[in-house]
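Coordinate inspection notes
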Amino acid sequence: MSRSAHPAGPRYADLLPEGHYTAPPADLNHLDDKVWARTVARGDDGVVTVGGIEVTRLAEEFGTPAYFLDEADFRARCRSWADAFSGDADVFYAGKAFLSKAVVRWLHEEGLNLDVCSGGELITALDAGMPAERIAFHGNNKSPEEIERAIRAGVGRIVLDSFQEIVRVAHIARGLGVRQPVLIRVTVGVEAHTHEFIATAHEDQKFGIPLAGGQAAEAARRVLGLDSLELIGIHSHIGSQIFDTSGFEVAAHRVIGLLKEIRDEHGVELPEIDLGGGLGIAYTSADDPREPHHIAKALREIVTRECESAGLRVPRISVEPGRAIVGPTAFTLYEVGTIKPLEGLRTYVSVDGGMSDNIRTALYDAEYSVTLVSRASDAAPMLSRVVGKHCESGDIVVKDAFLPADLAPGDLIAVPATGAYCRSMASNYNHALRPPVVAVADGAARVIVRRETEEDLLRLDVG
């Protein structure tokens, strides 16, 4: 067994190098605009507010742990992406980041399309009223039942992920008398500078059909030969939490090279390319994400330049931001339970949630920031590790942060930028109850995903 593995999970404490953390911030009470949702502020009394409501009041009404989502911020980010890509491009919100019926309605109202990757996400989208023609259906192993439901509903596109899926979708579409629009997802051999488990364009992984060895060209050949499929474009996704568009430049070069191959062999110029999502957000003050209009400008320039070089018409571009929209709009509110100083090391701050509501730190080695929000403090900074209440040494929410030395049980602390993947990947580990998602706007708060109850747990356990 390697030193970095342990039967019960990762052993972080004895593996972190000395000096891995940064110096404490000048002001522990400061709320960095890059990291926090737009309506979050600290009041004159030191209590943090969101949408004009104090977190202490939210905790009293909805309990902790809980996710609080700034609806005005979510809608504003939708509009920013829609405006940046208006006219000659489409924006598909990646529902895997976080999806609920309220979110679907907001997306519909703000003019965004929706990307789903399971039957559950699809039925949520349809039930909330998203027009099927504005839905794209992803997934590396879609079941026949999921495919049939998607085609019957009239989804605007299915993204084909394998040779078997070409046959499967074609067969089901033919049986339903439908000519289904599809894209082919290709792996372009570009590895984004990100964690191994969230980099998705290198060839040794489960997604897509490789360009290498002519496999993607063969996939296009097969799709174009099937009457029940309409090939409308090529899809590529190079990873997640990306800040540099240079990876997209290499990916676009290779995708457009495939478009040229298809044009030269079949006399067909495909009208679309989807460059995926994966654009990063600020989890800490050190992160520096790009604004949607900068991203749109860069991608348009890249695609236009590559198409001119290949002698192709510029196709319509699609992008799939998920985290970049919902990630910064929410924070997780916790109550401090126990505080355990370890002389010469750090102080362990245990909260009433943990890896059941945020698995990303344990799974991806993700970094977060954390702030005392129920009051202000002028105490000295204390090197802290925020941990959960689960039976795992790897149950870490924030690996290294500075909290005030007068932190006490009962204080409320909040971890920002938890809108993406935290609720989506939440679990019932140790039979924990998954937290609610509460939307806050203009001085009002409402539950959009309710907290699980003990009755929910027992109802599923049929004995």
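In this report, we go over the structure that sits alongside the text. (Residues numbered from 1 in each chain as written. Predicted model: local features only at pLDDT ≥ 70, side-chain atom pairs only at ≥ 80, totals over all residues. Heavy atoms only, no water.)

1. What about the sheet that holds strand β3 (residues 53–54)?
Strand order in the open sheet formed by 3 strands is β1-β2-β3, with antiparallel pairing between adjacent strands. Single-partner strands in this sheet number two, and they are β1 (41–42) and β3. Where β1 lies against strand β2 (residues 48–50), 2 bridges are found, and the strand directions are antiparallel. Bridge pairing in β2 links Ala 41 to Thr 49. (Pairing = 2+ DSSP bridges. Helix = DSSP H or I, 4+ residues; strand = E, 2+ residues; numbered from the N terminus.)

2. A few points about the pattern of salt bridges
According to the stated counting rule, one finds 30 salt bridges in the structure shown. Between Asp 73 and Arg 77 there is a salt bridge whose closest N-O contact spans 2.9 Å. A residue pair is termed a helical-turn pair when its members lie 3 or 4 positions apart in one helix, as Asp 73 and Arg 77 do in helix α2 (residues 71–84) at 4 residues. A relative accessible area of 16% means that Arg 77 is categorised as buried. One salt bridge in this structure joins Asp 365 and Lys 399, with 2.8 Å as the shortest N-O distance. Here Asp 365, found in the loop between α11 (360–364) and β16 (371–372), pairs with Lys 399, found in strand β18 (residues 396–404); they are 34 residues apart in sequence, far enough to count as distant. Relative accessible area serves as the criterion here: at 39%, Asp 365 is assigned to the partly exposed category. For Lys 399, a relative accessible area of 12% translates into the label buried. (Salt bridge = Lys/Arg side-chain N within 4 Å of Asp/Glu carboxyl O. Buried < 20%, exposed > 50% of the residue type's maximum accessible area, 1.4 Å probe, protein only.)

3. Let's talk about the side chain of Asp 73
When its relative accessible area of 1% is taken as the criterion, Asp 73 is described as buried. Within the structure, Asp 73 has its side chain in polar contact with the side chain of Arg 38 (distance 2.7 Å). With near-sequence residues (within four places) excluded, Asp 73 lies in contact with Ala 37, Arg 38, Pro 328 and Thr 329. (Polar contact = N/O pair within 3.5 Å; in protein donor to acceptor, adjacent residues only side chain to side chain. Contact = heavy atoms within 4.5 Å.)

4. Structural notes on the packing of aromatic side chains
If you walk through the whole model with that rule in mind, you get 7 aromatic pairs. The interplanar angle of 65° and the centroid separation of 6.2 Å between the aromatic rings of Phe 62 and Phe 68 together place this pair among those described as edge-to-face. Assessed through its relative accessible area of 0%, Phe 68 is described here as buried. Centroid distance Phe 68 to Phe 331: 5.9 Å. Interplanar angle 35°. Geometry classified as tilted. Of this pair, Phe 68 sits in strand β4 (residues 66–70) while Phe 331 sits in strand β14 (residues 330–342), placing them 263 residues apart in sequence. Just above the ring of Phe 137 sits the side chain of Lys 142; from NZ or CZ to the centre is 5.9 Å. (Phe/Tyr/Trp six-rings, centres within 6.5 Å; stacked < 30°, edge-to-face > 60°. Lys NZ or Arg CZ within 6 Å of the ring centre and 35° of its normal.)

5. Here we look at unusual backbone geometry
Across the junction of Thr 64 and Pro 65, the peptide omega takes the value -10°, indicating a cis bond. Relative to the helices and strands, Pro 65 resides in the loop between α1 (55–62) and β4. The backbone phi angle of Asp 365 is positive, close to 60°, even though this residue is not glycine.

6. Quick notes on the environment of Pro 271
Position of Pro 271 among the secondary structure elements: in the loop between α8 (246–266) and β12 (272–274). Classification of Pro 271 by relative accessible area gives partly exposed; the value is 45%. C-alpha separation for the pair Pro 271 and Ile 317, spaced 46 residues apart in sequence, amounts to 8.9 Å.

7. Observations concerning the nonpolar core
Ranked by internal contacts, the top residues of the largest apolar core, which has 107 residues, are Phe 74, Phe 85, Tyr 93 and Ile 413. With 8 residues, α8 is the largest single contributor of residues to this core. Ignoring sequence-local partners within four residues, the contact set of Phe 85 consists of Asp 90, Val 91, Pro 292, Ile 295, Ala 296, Leu 299, Arg 300 and Val 319. Val 50, Leu 58, Leu 412 and Val 438 belong to the second-largest nonpolar core, a separate cluster that totals 23 residues. (Core = buried A, V, L, I, M, F, W, Y, C linked by side-chain atoms within 4.5 Å.)

8. As for the pairing of strand β17 (residues 381–387)
On a regular strand, one side chain projects to one face of the sheet and the next to the other, so that they alternate. In terms of burial, β17 is largely enclosed, as 6 of its 7 residues are buried. The pairing of strand β15 (residues 346–351) with β17 spans 4 bridges and is parallel. Residue pairing in the sheet places Val 349 in a bridge with Val 386 of β17. As paired elements, β17 and β18 share 6 bridges and run antiparallel to each other. Across the sheet, the residue bridging to Pro 381 is Pro 404, located in β18.

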